[in-house]
Amino acid sequence: MSESSKRSLKAFEGKVLNWTIHDWETVFPLIPSIRNYQEVFWFNENTVEVETALNEVGISLEQIQDTERRLKRFAPFFMKAFPETKPTEGILESPLRVVSEYQEAQTAGPYEIPFGRLILKLDSHLPISGSIKARGGIYEVLQHAERLAMEAGMLQEDDNYEVFSSQKMQKFFSDYRIAVGSTGNLGLSIGIISAKLGFKAQVHMSSDAKSWKKALLREKGVEVIEYDSDYSVAVEQGRKEAEKDPKTYFVDDENSIHLFLGYAVAALRLKGQLEHIGFVPSEESPLFVYLPCGVGGGPGGVAYGLKRVFGQHVHCYFAEPTHSPCMLIGMMTDQHDALSVQDFGLDNITIADGLAVGRPSSFVGKALRHLLNGIFTVTDAHMLMDLAQMADLEALNLEPSALAGLSGPSWLKKNKAAYAEIQKNYTPEALNQAIHLSWATGGSMVPESVMHADIESGRKLLKVLNSEVSDQTQISKDNVPIVMDDGSWRSTSEIEADSNTVAQALWLFNRLSGPESLQTPSKPVRLFLRKLDGEILGGLLGKLYRNALFIDVLYVDASLRGFGWGEKLVSKAEQIARSENATFAHLDTFSFQAPEFYEKLGYICFGVLDDFEDGSKRYFYKKVF
Ligand SMILES: *Cc1c(COP(=O)(O)O)cnc(C)c1O
């Protein structure tokens, strides 16, 4: 059995935080759908008055403004070290983009935008690292560099920060190291900025990290350490390594206040951008924001900043892959990082590498407990289809994670609780004036070949969907389109995971609905013929399941034929079967193999397939002991 199905078995049979799965499913009715990898929406009923909720967290508007001022001090350095930041005068900020063609294309579909205008926030086009991580990740390194330089008496606040690109400063930083654990983009941001400032940089990357991200970092002189496991392990190892060396600074994605503040600055800047297009969130024109969520720092910081800056008329929702809904599980159950998606049998394998996190930040989950309006999940197929539509209709190239937020608006109508709340607070006229802001968190650094493959996959899926969508059976009960595909758009490991999901679902079904005897797992029966030097010359492979022996494979090398080895193998297997209380054996064999052989051993043919065009027949045999 594969790793992932073993894990879910554990969750199914054992207990998670002292509760059985049945207990969890009773208290949280969304859990069965989550466990089935279905798209769901969770409405957060714990929200309270915004001002109260903000003050519980204890991060002030002043701290966010202070962060923005620090970033301004670094602007001259950016213009010098990264000339591409000159047009924005050394400030890393992303544009807004109206996507009306895309919005139009959703009309009358399951993800129709029920009211208002859809706009993308193109963090995909942030300079330097092409993702939302250019906010928090870069900021954290800058504040550390500033502090080190000030402590060493090399810098004062009113100096020109161009000095950070001087030889002297670079030499000073070369004594220090920055380390981080990442699924890819955080490593990319931190690696690039650290290397530019002269730091040694070390990035601990999870197995989800795309190879192009690792290659790009190595090219920039960053030390990349690869792990075979997921994000949480990469972070843990990175943290441990860093603790050994006082000159290493570890960027803690799960808990860092600096990262959080770096992300929160986006809200101050967004205010200006929205004013520029004549929009102020209010009772007459609410703002709905959809943020793709991995560990939570990025979307958490932005959402917190938005609530600080705009108050009650901004509504924030997180979007997570159906295979990695860690923040949803953490916040819904109020257990935060005490639970992982694996605890519930989910595999944490998704094409959205930026969101492939199995255990959420408890700092963020707790901070947003009374603020966040909801969380929804998105399938990989859905992200890929949106990816293709954005490319084809809007000429925008985004990475899969960046599309996760786009189904948010449709949930606001589909979900009863969400719709009731919105109708209570806003008139239809106000909703018509609303803006839906879907945070497009990354994409501009993706190599063309990778982007092309993703777009092609998305187009293929759209084709399948559009060709069969008129068929009633293609829409599920909750109005989500269902597609049938051969998985060819998935990587080998993803196809493996998908296959396990299917096999495991049947296994669980059998366990719950079939006779009790089905619940005992099968036992392999393996016999080998080998020379004493180790060479294998034949064998029998079969299994014991319920009260039967099934002989799957029997083979004897030509050099051994005529010595009765075939018979010996079968009798030995039967003997094992009897000792395990089996009462019969069965197998199938072709006419060109050895049907007579089995008849000689007492096997009786109970069925023949004789439809093969080459004239060969397949015989089914059994023998009752
Ligand atoms: C990291 C990342 C996110 C989510 O940020 P977290 O802080 O991990 O929640 C979203 N989109 C992309 C592209 C990312 O790289």
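The rules we used
Residues numbered from 1 in each chain as written. Predicted model: local features only at pLDDT ≥ 70, side-chain atom pairs only at ≥ 80, totals over all residues. Heavy atoms only, no water. Helix = DSSP H or I, 4+ residues; strand = E, 2+ residues; numbered from the N terminus. Expected span 1.5 Å × (residues − 1). Buried < 20%, exposed > 50% of the residue type's maximum accessible area, 1.4 Å probe, protein only. Arc of directions from axis to C-beta. Near = heavy atom within 4 Å. Polar contact = N/O pair within 3.5 Å; in protein donor to acceptor, adjacent residues only side chain to side chain. Areas by Shrake-Rupley, 256 points an atom, 1.4 Å probe, with all protein chains shown as cover. Nonpolar A, V, L, I, M, F, W, Y, C, P; charged D, E, K, R; others polar. Salt bridge = Lys/Arg side-chain N within 4 Å of Asp/Glu carboxyl O. Core = buried A, V, L, I, M, F, W, Y, C linked by side-chain atoms within 4.5 Å. Contact = heavy atoms within 4.5 Å. Patch = residues over 30% accessible without salt bridge, like charges linked within 9 Å, V, L, I, M, F, W, Y side chains within 5 Å. Pairing = 2+ DSSP bridges. Axes fitted to C-alpha atoms, helices over the stretch in contact; angles between N-to-C directions. Phe/Tyr/Trp six-rings, centres within 6.5 Å; stacked < 30°, edge-to-face > 60°.

### Points about helix α22 (residues 492-513)
At step 1: Under the 1.5 Å per step criterion, the end-to-end length of α22 is 32 Å for 22 residues, consistent within 8% with the ideal 32 Å.
At step 2: Every buried residue belonging to α22 is among E494, A497, N500, Q504, L508 and R511, and all of these are buried. Angular distribution of buried residues about the axis of α22 spans 110°; they occupy a single face of the element. With respect to the buried face of α22, the exposed residues turned more than 90 degrees away are T492, V502, L506 and F509.

### A few points about the site of the ligand
At step 1: Lining the immediate environment of the ligand, one finds 15 residues, of which K133, N185, G296, G298 and T441 sit closest.
At step 2: Between an oxygen atom of the ligand and a main-chain N or O atom of G298, the distance comes to 2.7 Å.
At step 3: Side-chain polar atom of T441 to a nitrogen atom of the ligand: 2.7 Å apart, as the coordinates give it.
At step 4: Burial of the ligand by the protein amounts to 99% of the accessible area it has alone, namely 380 Å².
At step 5: Of the residues forming the shell around the ligand, the biggest block, three residues, is contributed by helix α14 (residues 297-310).
At step 6: Looking at the shell around the ligand residue by residue, the classes come out as five nonpolar, eight polar and two charged.

### A few points about the pattern of salt bridges
At step 1: The final tally for this structure, using the stated rule, is 31 salt bridges.
At step 2: With a closest N to O distance of 3.9 Å, E151 and R147 form a salt bridge. Of this pair, E151 and R147 both sit in helix α8 (residues 133-151), four residues apart, which is roughly one turn of that helix.
At step 3: The class of E151 is exposed, set by a relative accessible area of 59%.
At step 4: Here R147 falls in the partly exposed class, since its relative accessible area comes to 36%.
At step 5: Put simply, E399 and K213 hold a salt bridge, and the shortest N to O gap is 3.5 Å. Here K213 lies in helix α11 (residues 211-219) and E399 lies in the loop between α17 (380-394) and α18 (408-414), a separation of 186 residues in the sequence. Side by side, E399 and K213 carry an identical accessibility label, which is buried.

### Points about the nonpolar core
At step 1: Of all hydrophobic cores here, the largest spans 129 residues; its most connected members are F78, F164, F173 and L197.
At step 2: For this core, the element with the highest residue contribution is helix α13 (residues 257-276), accounting for eleven residues.
At step 3: Apart from residues no more than four positions distant in its own chain, L197 is found in contact with F77, V141, L142, A145, F164, Q170 and F173.
At step 4: Counting residues in hydrophobic clusters, the runner-up holds 23 residues, among them L537, L540, L560 and L601.

### Comments concerning a nonpolar patch on the surface
At step 1: Taken together, the side chains of F528, I536, L541, V553 and Y555 make up a nonpolar region of the molecular surface, amounting to roughly 440 Å² of accessible area.
At step 2: The set of elements that each furnish at least two residues to the nonpolar patch consists of β13 (536-545) and β14 (548-556).
At step 3: In this fold, I536 is placed in strand β13.
At step 4: Residue classification places I536 among the partly exposed residues on the basis of a relative accessible area of 44%.

### Side note on the side chain of T350
At step 1: Relative to the helices and strands, T350 resides in the loop between α15 (326-333) and α16 (362-367).
At step 2: Polar contacts involving the side chain of T350 include one to the main-chain amide nitrogen of A352, which spans 3.0 Å.
At step 3: If we skip the residues at most four places from it in the chain, T350 touches P321, H323, S324, A356, D380, M383 and E494.

### Digging into the sheet that holds β13
At step 1: The strand order β12-β13-β14-β15-β17-β16 describes an open sheet built from six strands, whose pairing is mixed. Where the open sheet ends on each side, the last strands, each with one partner, are β12 (523-530) and β16 (604-609). Each neighbouring strand pair of the sheet contributes to a mean axis angle of 20°, computed without reference to strand direction.
At step 2: Taken together, the eight bridges between β13 and β14 define a ladder with antiparallel strand orientation. Looking at the pairing, G538 lines up with V556 of β14.

### Details of the environment of D123
At step 1: Assignment of secondary structure puts D123 in the loop between β3 (117-122) and α8.
At step 2: Separated by 275 residues in the primary sequence, D123 and L398 have C-alpha atoms spaced 9.7 Å apart.
At step 3: Of the polar contacts made by the side chain of D123, one reaches the side chain of W439; its length is 2.7 Å.

### A few points about the packing of aromatic side chains
At step 1: One pass over the structure, following the stated rule, counts 29 aromatic pairs.
At step 2: With centroids separated by 6.3 Å and ring planes inclined at 70°, the aromatic side chains of F77 and F164 adopt a geometry described as edge-to-face. On the criterion of sequence distance, the pair formed by F77 in helix α6 (residues 75-81) and F164 in the loop between α8 and α9 (167-173) is long-range, its members being 87 residues apart. Here F77 and F164 have matching classes, each one buried.

### Observations concerning the sheet that holds strand β6 (residues 223-226)
At step 1: On the basis of which strands lie adjacent, the open sheet formed by four strands has the order β6-β5-β4-β7 and parallel pairing. Of all the strands in the sheet, just β6 and β7 (248-251) have a single pairing partner and so form its edges. Within this sheet the neighbouring strands show an average axis-to-axis angle of 20°, counted without direction.
At step 2: Looking at chain direction, strand β4 (residues 177-182) and β7 are connected through four bridges and run parallel. Paired with A179 across the strands is F250, a residue of β7.
At step 3: The sheet strands contacting α8 are β4 and β7, and the helix crosses β7 at an angle near 150°.

### What about the pairing of β14?
At step 1: Hairpin remark: β13 followed by β14, antiparallel, with two residues in the connecting loop; positive phi at R546, about 55°.
At step 2: The sheet contact formed by β14 and strand β15 (residues 584-590) spans four bridges and is parallel. Looking at β15, one finds that F550 is bridged to H586.

Coordinates in, geometry out; function isn't part of it.
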